[in-house]
Amino acid sequence: MDPFQYVYVIRNSKQLEFHEFANKMASKTFDYPALSKAKFPDLKENLHRIYQYLQGKPLDIISDHMMKNLQDIFEWKCSQATDWETEKMYKFCCSVMFEASFVTLYGRVPAADGHKVISEIRDKFIKFDASFPYLAANIPIELLGATKRVRKELIHHFLLQNMTKWLGGSKVVQARQDIFEKYELLRDYDKAAHHFAFLWASVGNTIPATFWAMYYLLRHPEALAAVRDEIDHLLQSTGQKRGSMYNIHLTREQLDNLVYLESALNESLRMCSSSMNIRISQEDFVLKLEGDQEVSLRRGDWIALYPQILHMDPEVYEDPKEYKFDRYIENGKKKTTFYKAGRKLKYFLMPFGSGISMCPGRFLAMNEMKMFLFLLLAHFDVELAENKAVRLDNSRMGLGILLPDVDIAFRYKLRSLGK
Ligand code: HEM
């Protein structure tokens with residue numbers, strides 16, 4: 001509970017392990033054989049090595065593809081909106097982010113009904129995702145209605161004979177495929193199940209996080225105005241036109257410099273994230289904490305850090321239940337110093353986990369969500385069409401970004417060029 005102690009847990013990665021627990025949970029949830037060292041030597045390490053494709057230069061390439069795919073989808077879905085169109089917000093975020101992420105990571109489905117194929121996968125994904133908290137809680141899948149069948153159908157989409165038909169997928173997915181081919185004991189179904197698990201990791205949190213970012217912006221007109229101003233300013237200063245042209249390009253530096261957009265996004269992540277960071281003690285030992293404090297741990301004991309407590313701590317964040325879009329800005333720059341009881345915190349925002357269990361897709365996730373909001377606000381007037389409170393649905397507490405308890409209608413319309 002005390003964020004000043006987090007560092008002692010996080011840096012003790014030898015004695016406080018995470019992967020064994022994650023491996024057990026993921027293999028059961030996504031239906032692939034556990035990554036046992038004896039059966040699949042170095043598979044875990046090999047899969048971890050290719051997370052490099054989600055950082056540095058490869059991150060720029062994959063982000064550019066995501067930007068292009070997002071624009072194609074906005075153009076296909078929304079370019080007729082010369083008058084107000086009304087949609088449900090979660091459904092909208094889900095439809096745009098799922099398809100853009102899918103095409104960016106796995107490739108375009110070339111058939112004439114390519115959009116339809118992806119929306120069928122998405123609809124099954126939504127059904128599976130609704131059971132995710134139960135699977136994570138160890139409820140046998142046989143007790144969860146159609147979940148077992150839906151999971152099997154989802155996994156079948158990722159069989160090699162289907163994946164080889166998809167065009168222009170990412171290096172990270174290609175590299176995963178190459179690695180799986182080296183393990184003869186992995187059946188075709190197992191490899192497909194691994195691909196499905198990666199799909200879940202790449203959209204399962206991004207979709208609800210995008211929803212909250214959009215929802216809070218629309219609920220707070222001053223935030224919306226500030227972020228839109230920043231976006232328009234960037235477009236103007238780089239000589240790019242908004243309107244009917246869907247070919248905006250943003251460099252990594254430009255994305256990084258959108259401080260209002262980033263702050264608004266961080267603020268919504270602070271409010272909707274509920275990732276628990278779990279570690280399991282590998283041996284009997286004494287964990288030294290700050291000062292003279294210590295805890296005796298036995299082999300197999302669990303430690304859980306729960307950053308949502310930190311995110312909602314009024315000593316760190318004044319009025320923590322209030323959305324303040326500029327909380328992460330100081331003197332026009334990114335604010336990275338936060339205090340508790342007069343002491344500077346090393347960790348103050350942890351939606352992506354920590355240390356050995358930190359999300360490898362975090363840079364891509366931030367870029368994707370920024371690009372979605374950028375395009376939405378650059379091209380459209382957007383407003384809520386319903387006045388109802390949307391609350392966090394706590395049923396997946398501890399497991400990542402919380403979903404909304406209800407969906408809400410919003411409307412959008414192409415912005416006139418002069419506005
Ligand atoms: C808002 C979006 C996202 C959030 C909040 C998020 C959060 C997290 C967290 C908290 C973990 C650690 C899980 C744990 O402690 O049990 C994790 C793991 C992971 N994430 Fe993300 N994630 C996001 C987006 C993404 C994206 C876009 C990708 C890939 C393209 C991705 C790929 C992964 C993978 C592969 C793991 C497992 C890492 C491992 O093997 O240890 N995530 N994520």
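Quick note: structure is the one above.
For the structure given in this document, a descriptive report is provided here. (Residues numbered from 1 in each chain as written. Predicted model: local features only at pLDDT ≥ 70, side-chain atom pairs only at ≥ 80, totals over all residues. Heavy atoms only, no water.)

**Description of the overall build of the protein**
Secondary structure summary: the protein contains 16 helices and 16 strands in total. Whereas a compact globule of 419 residues would reach a radius of gyration of roughly 22 Å, the protein reaches 22 Å, a difference of no more than 12%. Along the three orthogonal principal directions, the C-alpha set of the protein runs to about 70 × 60 × 40 Å. For the protein, the proportion of its 419 residues judged to be buried stands at 54%. About 19,800 Å² of surface is accessible on the protein, with carbon and sulfur atoms providing 52% of the total. Each charge class in the protein was averaged separately, 57 positive and 53 negative side chains, and the resulting centres sit 2 Å apart. (Helix = DSSP H or I, 4+ residues; strand = E, 2+ residues; numbered from the N terminus. Rg over C-alpha atoms; globule rule 2.2 N^0.38 Å. Buried < 20%, exposed > 50% of the residue type's maximum accessible area, 1.4 Å probe, protein only. Areas by Shrake-Rupley, 256 points an atom, 1.4 Å probe, with all protein chains shown as cover. Lys, Arg positive; Asp, Glu negative; His and termini not counted. Charge placed at Lys NZ, Arg CZ, Asp CG, Glu CD.)

**Re the coordination of the iron atom of the ligand**
Its sole protein donor being Cys 359 (SG), the iron atom of the ligand sits 2.3 Å from that atom. With respect to the helices and strands, the residue Cys 359 is situated in the loop between strand 11 (343-344) and helix 16 (362-379). (Donors = N, O, S within 2.8 Å, 3.2 Å for Na, K, Ca; no water.)

**Some points on the nonpolar core**
Formed by 104 residues in total, the largest nonpolar core has its most connected members in Leu 70, Phe 74, Met 89, Phe 102, Tyr 106, Met 214 and Phe 372. Once residues lying within four places of it in the same chain are set aside, the contact partners of Met 214 are Met 89, Cys 93, Phe 372, Leu 373, Leu 376, Val 382 and Phe 410. Ranked by size, the runner-up nonpolar core spans 22 residues in total, among them Ile 10, Leu 16, Tyr 317 and Tyr 328. (Core = buried A, V, L, I, M, F, W, Y, C linked by side-chain atoms within 4.5 Å. Contact = heavy atoms within 4.5 Å.)

**Some words on the state of the cysteines**
According to the stated counting rule, one finds zero disulfides in the structure shown. The thiol sulfur of Cys 272 is not disulfide-bonded, and the nearest other cysteine sulfur, from Cys 93, lies at 12 Å. Owing to a relative accessible area of 0%, Cys 272 belongs among the buried residues under this scheme. (Disulfide = S-S within 2.5 Å.)

**Topic: the side chain of Asp 301**
Its location among the elements puts Asp 301 in the loop between strand 6 (294-297) and strand 7 (302-305). Taking the relative accessible area as the measure of exposure, Asp 301 reaches 16% and is therefore buried. Here Arg 298 takes part through its backbone nitrogen, which lies 2.8 Å from a polar atom of the side chain of Asp 301. Discounting residues that sit within four places of it in the chain, Asp 301 has contacts with Arg 279, Ile 280 and Ser 281. (Polar contact = N/O pair within 3.5 Å; in protein donor to acceptor, adjacent residues only side chain to side chain.)

**Comments concerning the site of the ligand**
Neighbouring the ligand are 23 residues; His 48, Tyr 51, Ala 201, Ser 357 and Cys 359 lie closest to it. Between Tyr 51 and the ligand, the recorded distance is 2.9 Å, taken from a side-chain N or O atom to an oxygen atom. Backbone polar atom of Ala 201 to a nitrogen atom of the ligand: 3.3 Å apart, as the coordinates give it. Where the shell around the ligand is concerned, the elements lending two or more residues are helix 10 (188-203), helix 11 (206-219) and helix 16. Per-element accounting of the shell around the ligand gives the leading share, four residues, to helix 16. Of the residues assigned to the shell around the ligand, the class counts are 13 nonpolar, nine polar and one charged. (Near = heavy atom within 4 Å. Nonpolar A, V, L, I, M, F, W, Y, C, P; charged D, E, K, R; others polar.)

**With respect to the packing of helix 5 (residues 89-106) against helix 10**
One way to put it is that helix 5 packs onto helix 10 with a least axis distance of 10 Å and a crossing angle of 135°. The orientation of helix 5 relative to helix 10 falls into the category oblique. Handedness of the crossing formed by helix 5 with helix 10: right-handed. Residues Met 97, Phe 98, Ser 101, Phe 102, Leu 105 and Tyr 106 of helix 5 form the contact with helix 10, whose own contacting residues are His 195, Phe 198, Leu 199, Ser 202 and Val 203. For the contact of helix 5 with helix 10, the class distribution of residues is eight nonpolar, three polar and no charged. (Axes fitted to C-alpha atoms, helices over the stretch in contact; angles between N-to-C directions. Parallel < 35°, antiparallel > 145°, perpendicular 65-115°, else oblique. Left-handed = near helix turned anticlockwise from the far one by under 90°.)

**What to know about the sheet that holds strand 1 (residues 16-17)**
The antiparallel open sheet is built from three strands, whose spatial order is 1-4-7. Either end of the sheet is taken by a strand with one partner, and the two such strands are strand 1 and strand 7. The pairing of strand 1 with strand 4 (residues 277-281) spans two bridges and is classified as antiparallel. In the sheet register, Leu 16 faces strand 4, and the bridge partner there is Ser 281. (Pairing = 2+ DSSP bridges.)

**A few points about the packing of aromatic side chains**
Overall, the coordinates contain 38 aromatic pairs when judged by the stated rule. Both rings, one in Phe 211 and one in Trp 212, keep their centres 5.1 Å apart while their planes meet at 80°; by these two values the pair is edge-to-face. Each member of the pair, Phe 211 together with Trp 212, is buried. When the centroid spacing of 5.8 Å and the interplanar angle of 80° are considered together, the rings of Trp 212 and Tyr 215 count as edge-to-face. Placement of both Trp 212 and Tyr 215 in helix 11 is noted, with a separation of three residues, approximately one turn of the helix. By relative accessible area, which is 4% here, Tyr 215 ends up buried. Taken together, the ring pairs in this structure connect Phe 74, Phe 92, Phe 372, Phe 380, Phe 410 and Tyr 412 into an aromatic cluster. The side chain of Lys 335 reaches across the aromatic face of Phe 338, ending 4.7 Å from its centre. The aromatic ring of Trp 84 is capped on one face by Arg 411, whose charged end is 5.9 Å from the ring centroid. (Phe/Tyr/Trp six-rings, centres within 6.5 Å; stacked < 30°, edge-to-face > 60°. Lys NZ or Arg CZ within 6 Å of the ring centre and 35° of its normal.)

**Brief notes about the packing of helix 11 against helix 14 (residues 259-272)**
Packing of helix 11 against helix 14 brings their axes to within 9 Å, and their N-to-C directions diverge by 115°. With respect to each other, helix 11 and helix 14 are oriented roughly perpendicular. Here helix 11 and helix 14 pass one another in a crossing that is right-handed. Two secondary-structure elements touch here, helix 11 through Ala 209, Trp 212, Ala 213, Tyr 216 and Leu 217 and helix 14 through Ala 264, Leu 265, Ser 268, Leu 269, Met 271 and Cys 272. Its residues assigned to classes, the contact of helix 11 with helix 14 shows 10 nonpolar, one polar and no charged.

**As for the sheet that holds strand 2 (residues 85-88)**
The sheet built from three strands is open, its strands ordered 2-16-12 with antiparallel pairing. What marks the edges here is a single partner per strand, and that holds for strand 2 and strand 12 (380-384). The sheet shows a mean angle of 30° between the axes of neighbouring strands, direction not considered. Running over the sheet, helix 16 touches strand 12 and strand 16 (409-414) and is turned about 100° from strand 12.

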